[in-house]
Amino acid sequence: MTTVTRDAADDDLHIRQAEHADLLAVFRIEKAVFPQPWPFDAFQRFLEEPGFLVATEAGKVTGYVVADTIPNHGRALGHIKDLAVHESRRGEGIGRRLLARALATLATRNATSVKLEVRVGNEPARSLYEDFGFEALRRVPRYYDDGEDALVMVRDL
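Everything quoted here is computed from the prediction, not taken from an experiment.

Rules used in this analysis
- Residues numbered from 1 in each chain as written.
- Predicted model: local features only at pLDDT ≥ 70, side-chain atom pairs only at ≥ 80, totals over all residues.
- Heavy atoms only, no water.
- Pairing = 2+ DSSP bridges.
- Helix = DSSP H or I, 4+ residues; strand = E, 2+ residues; numbered from the N terminus.
- Axes fitted to C-alpha atoms, helices over the stretch in contact; angles between N-to-C directions.
- Contact = heavy atoms within 4.5 Å.
- Parallel < 35°, antiparallel > 145°, perpendicular 65-115°, else oblique.
- Left-handed = near helix turned anticlockwise from the far one by under 90°.
- Buried < 20%, exposed > 50% of the residue type's maximum accessible area, 1.4 Å probe, protein only.
- Core = buried A, V, L, I, M, F, W, Y, C linked by side-chain atoms within 4.5 Å.
- Right-handed = clockwise from strand over helix to strand, strands pointing away.

Q: How should I be thinking about the sheet that holds strand β4 (residues 75–85) in this particular structure?
A: Each strand in a sheet pairs with another by means of backbone hydrogen bonds, the pair being arranged parallel or else antiparallel. With respect to topology, seven strands assemble into an open sheet ordered β1-β2-β3-β4-β5-β7-β6, the strand pairing being mixed. Looking at strand neighbours, the two that pair on one side only are β1 (13–17) and β6 (135–140), the edges of this open sheet. Here the average twist between neighbouring strands, direction ignored, is 25°. Relative to strand β5 (residues 111–119), β4 runs parallel, the two sharing five bridges. When the sheet's bridge partners are listed, A76 is paired in β5 with A111. Helix-sheet contacts for helix α1 (residues 23–33) involve β2 (52–57), β3 (60–72) and β4, and the interaxial angle to β3 is about 90°. Here helix α4 (residues 123–131) sits on the sheet in contact with β4, β5 and β7 (150–156), set at roughly 160° to β5.

So, in structure tokens, the structure goes:
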């Protein structure tokens, strides 16, 4: 049996700002990927944010990122709040492209640094963030409802 590995860079993958019509697909990915998914209305609240981006291919949402800025001592701090890729499309570079685009969007919104929280046990996500220059700042015990710790990771833009 031959395994075909697709590279998202070679596909007809597009990244754009999320629209209302994308919300159900985003929510389905969220529920399939995370043990503690965001509620549907959380995504609705971020619809106008330039950092709520979806990756689409042939009109179907394959992944998304939610990022925004928050004030931090007179400077904007970027926050990657949520990033997920459909389970059938992992390992193709979609998450990498979404993260790169979100960081660029945050930079245009005058963010000088970016933070995120990630499960200590989520090695693939931690590896991706480290590849982008994020460093662990601190560990937050029992951050998630199931008791798992989170790492707060940061990087300058």
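Q: Would you take a moment to explain the packing of helix α3 (residues 94–108) against α4 for this structure?
A: Angle between the axes and distance between the axes: these two values describe a pair of packed helices. At a closest axis distance of 11 Å, the pairing of α3 and α4 adopts a crossing angle of 45°. With respect to α4, the axis of α3 lies oblique. Note on packing geometry: the crossing formed by α3 with α4 is right-handed. For the pair α3 and α4, the contacting residues are G95, R96 and L99 in the first and L128, Y129 and D131 in the second.

Q: Can you walk me through the environment of Y144 in this structure?
A: Relative to the elements of secondary structure, Y144 occurs in the loop between β6 and β7. In this structure Y144 comes out as buried when scored by relative accessible area, which is 17%.

Q: Hey, could you run me through the nonpolar core in this one?
A: One recurring pattern in soluble globular proteins is that nonpolar side chains are buried together. Membership of the largest hydrophobic core comes to 27 residues, with the highest contact counts inside it found for I80, L98, L99, Y129 and F134. Where this core is concerned, the elements lending two or more residues are β1, β2, β3, β4, α3, β5, α4 and β7. By residue number, the principal contributor to this core is α3, which donates six residues. Residues within four places of L99 in sequence aside, it is in contact with I80, L83, L128, Y129 and F132.

Q: Teacher, can you tell me more about the environment of A136 here?
A: With respect to the helices and strands, the residue A136 is situated in strand β6. Assessed through its relative accessible area of 52%, A136 is described here as exposed. Separated by 19 residues in the primary sequence, A136 and R155 have C-alpha atoms spaced 9.1 Å apart. Excluding residues that lie within four positions of it along the chain, A136 makes contacts with L151, V152 and M153.

Q: Where do I start with the pairing of β5 in this structure?
A: The side chains of a regular strand alternate between the sheet's two faces. Most of β5 is tucked away: seven of the nine residues are buried. The parallel pair β4 and β5, bridged by α3, forms a crossover whose chirality is right-handed. Across seven bridges, β5 lies against β7 in antiparallel orientation. Paired with V118 across the bridge in β7 is L151.

Geometric values such as these leave the question of function open.
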